Amino acid sequence: MPRWLLLLLLASTGLALGLLYGWVIEPVQFVDTAPASLRADYRSDYVLMVAEAYHADHDVERAARRLSIFGGEAPGAIASQAIQFGQANGYAPNDLSLLQELARAMQTYQPQPANRNTP
């Protein structure tokens, strides 16, 4: 048997065993990942839930805090991305109007400075 054939056979066996181990025997399980790592559809669903809560209570500060889990992005940009995803994927008109209401509120939102003298 030629050496290169033996090398090819061993390499393909090693690759097959590695894939078997990584995909079947001990697959990666993501636990407690950051919300910023969510897929676009789950992320947009979360923003829609924030928009529904904002529509109910009109608390801009709370809505901005809820959107802040996505990291350093501005709340208005997060809401705009959700609108774009919703339009591209056939969200109901009522859902799109809720997202637009949230986006308008987030565009004008100015965070209040923390009062450091409060106990």
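Residues numbered from 1 in each chain as written. Predicted model: local features only at pLDDT ≥ 70, side-chain atom pairs only at ≥ 80, totals over all residues. Heavy atoms only, no water.

Trainee: Provide a residue-level description of the packing of helix H2 (residues 40-57) against helix H3 (residues 60-67), including the pertinent values.
Mentor: Packing of H2 against H3 leaves a shortest axis separation of 9 Å and a crossing angle of 170°. Considering their axes alone, H2 and H3 lie roughly antiparallel with respect to each other. Listed contacts from H3 to Tyr 46, Val 47, Val 50, Ala 53, Tyr 54 and Asp 57 of H2 are Val 60, Arg 62, Ala 63, Arg 66 and Leu 67. Of the residues contributing to the contact of H2 with H3, the split by class is 8 nonpolar, no polar and 3 charged. (Axes fitted to C-alpha atoms, helices over the stretch in contact; angles between N-to-C directions. Helix = DSSP H or I, 4+ residues; strand = E, 2+ residues; numbered from the N terminus. Parallel < 35°, antiparallel > 145°, perpendicular 65-115°, else oblique. Contact = heavy atoms within 4.5 Å. Nonpolar A, V, L, I, M, F, W, Y, C, P; charged D, E, K, R; others polar.)

Trainee: I'd like a description of the pattern of salt bridges, backed by residues and values.
Mentor: Here the structure, examined in full by the defined rule, presents 4 salt bridges. Taking the shortest distance from any N to any O, the salt bridge between Arg 62 and Asp 57 comes out at 3.3 Å. Look at Asp 57 and you get partly exposed, because its relative accessible area is 32%. On the basis of relative accessibility, which here comes to 34%, the residue Arg 62 falls in the partly exposed class. Bridged by salt links that share partners, the residues Asp 57, Asp 59 and Arg 62 form one connected network. (Salt bridge = Lys/Arg side-chain N within 4 Å of Asp/Glu carboxyl O. Buried < 20%, exposed > 50% of the residue type's maximum accessible area, 1.4 Å probe, protein only.)

Trainee: Run through H2, naming residues and quoting values.
Mentor: An ideal rise of 1.5 Å per residue puts 26 Å on 18 residues; H2 measures up with 26 Å between its terminal C-alpha atoms. Within H2, burial applies to Arg 43, Ser 44, Val 47, Leu 48, Val 50, Ala 51 and Tyr 54. Each buried residue of H2 sits inside an arc of 160° when the element is viewed along its axis, so together they form one side. Following H2 by one or two positions, His 58 adopts a phi angle in the positive range, close to 50°. (Expected span 1.5 Å × (residues − 1). Arc of directions from axis to C-beta.)

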